[in-house]
Structure formats: structure tokens, C-alpha cells
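Here are the chains, one letter per residue:
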Amino acid sequence: MNQSQHNKTSLFLMELIISILFFSIAGAICVRLFVGAHLMSEESIVINNSILWTQNISEVFNGMHGNLHEIANFYSESSIVLVSYEDNPEIGTLVMFFTKDWEPIYYPTDDGALDDAAYELMLCISQLPASEVYSDTGVDNDSLIGDALLGQIQIQNMSDDTIIEAFAAEDDPSVITTQYIDYYVGLEAPYES
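Quick caveat, the model's predicted, so the values are computed rather than measured. (Residues numbered from 1 in each chain as written. Predicted model: local features only at pLDDT ≥ 70, side-chain atom pairs only at ≥ 80, totals over all residues. Heavy atoms only, no water.)

1. A closer look at the nonpolar core
Logical step 1: Of all hydrophobic cores here, the largest spans 23 residues; its most connected members are W53, I71, M96, L121 and L123.
Logical step 2: In terms of residue count, the dominant contributor to this core is helix α1 (residues 2-63) (five residues).
Logical step 3: Setting aside anything within four residues of it in sequence, one finds L123 in contact with I57, I71, G92, T93, L94, G151, Q152, I153, F167 and I181.
Logical step 4: Counting residues in each nonpolar core, the second largest holds seven residues, with V95, I105, Y107 and A117 among its members. (Core = buried A, V, L, I, M, F, W, Y, C linked by side-chain atoms within 4.5 Å. Buried < 20%, exposed > 50% of the residue type's maximum accessible area, 1.4 Å probe, protein only. Helix = DSSP H or I, 4+ residues; strand = E, 2+ residues; numbered from the N terminus. Contact = heavy atoms within 4.5 Å.)

2. Some thoughts on the pairing of strand β4 (residues 147-157)
Side-chain direction in a regular strand flips from residue to residue, so the side chains alternate between the two faces of the sheet.
Logical step 1: In terms of burial, β4 is largely enclosed, as eight of its eleven residues are buried.
Logical step 2: Bridging between strand β3 (residues 119-129) and β4 involves eleven bridges; their strand directions are antiparallel. Paired with S126 across the bridge in β4 is L150.
Logical step 3: Looking at chain direction, β4 and strand β5 (residues 175-186) are connected through ten bridges and run antiparallel. Within β5, the position partnered with I155 by the bridge is T177. (Pairing = 2+ DSSP bridges.)

This is the structure we're talking about:
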């Protein structure tokens, strides 16, 4: 009788251990799924905000006819023109910095203001022959006389706390989004002072 009671107790304990093991594994899988969902949600927020800012800059680029200084004036409190040329004010690079919550960091700022920078937006504008800019459109290149302004917008993650000074390759892990925009100026000078 004592032997049969002992076997039933052992069997019950073994069943209990297997049940605990099963629920532990199921719990670990659920925790991993929740962590993965949270990371995907954060990544989605970053991508959505970078696309919104890219679209915003693209619309301002077209609205200001590709003029770098007018774009910089539109974002006067939060942008820096890194490179600009006196004889051609459309060509150059504009930079903006954002916090982790996608709030623009305003200038002029204190020395430590970029410590909060999590993302950097760069707009680089160059002037090229229109036939070169629109070569992939299928339009007769002979009808494209003059120039076009080509803009490249890139938003990068500043995870290593350094200011990014050049465009990265599109497959670089720090690049969140890259977009190309253009504005046809023809034979006319795109900007008259």
C-alpha cells in the first residue's frame, strides 16, 4: 500500500514538473513575441516619422523651386546650411537634427544641444543638365533643354553620437530613408537675387 502511494505521488510530481516546464516555455515564447512586437512598433514609428519629414522637405523643395536659401529660411530656427555657393545659391547642403521624439533641435543652441540629437536629415542640392536628370523617364532628351535641380534627402540614425557629414550608402544600417527629388529650371537661372 505504501509502495502504491509512493508511485502515485511520484507520478503526480512528475506531471506537475512537466506542466511547469511547458508553461515556462510558453511564457518565454510569449515574452519574446511581446518584445519583438514592441521593437517592430518602435521601428515603425521611426520609419513613419522619417517619411513624414522627407515628404515635408520634398514639398518645400518644390514650393521654393529648389532654392536652398529659401528652404533654409522656411526652417530658419532648425536648419543649418553647410555648403552654399555665392554665385549659385541653389547648390549646397542643408542639415537638420531631431530628438528621439522627432522634435527639431532649434538653432542657435547651447554647446550641448546636439547631445539630444538622435536623427539627422540632410538635403543636398546639385544642378545638372536636365537631359541627365530625366534620362530614365523615356522622354525625348532632345526636348529637355537647360538644367534641373536634383535634391537628395537622407535621414540617418545618429546612434554613435557623431555628426554625419556625408551621405551614406542606401544599404548602410544607419540610413532610415533616402529620397530623390528634382525641379526643372530650363534655360533660366533658377534663382535671381
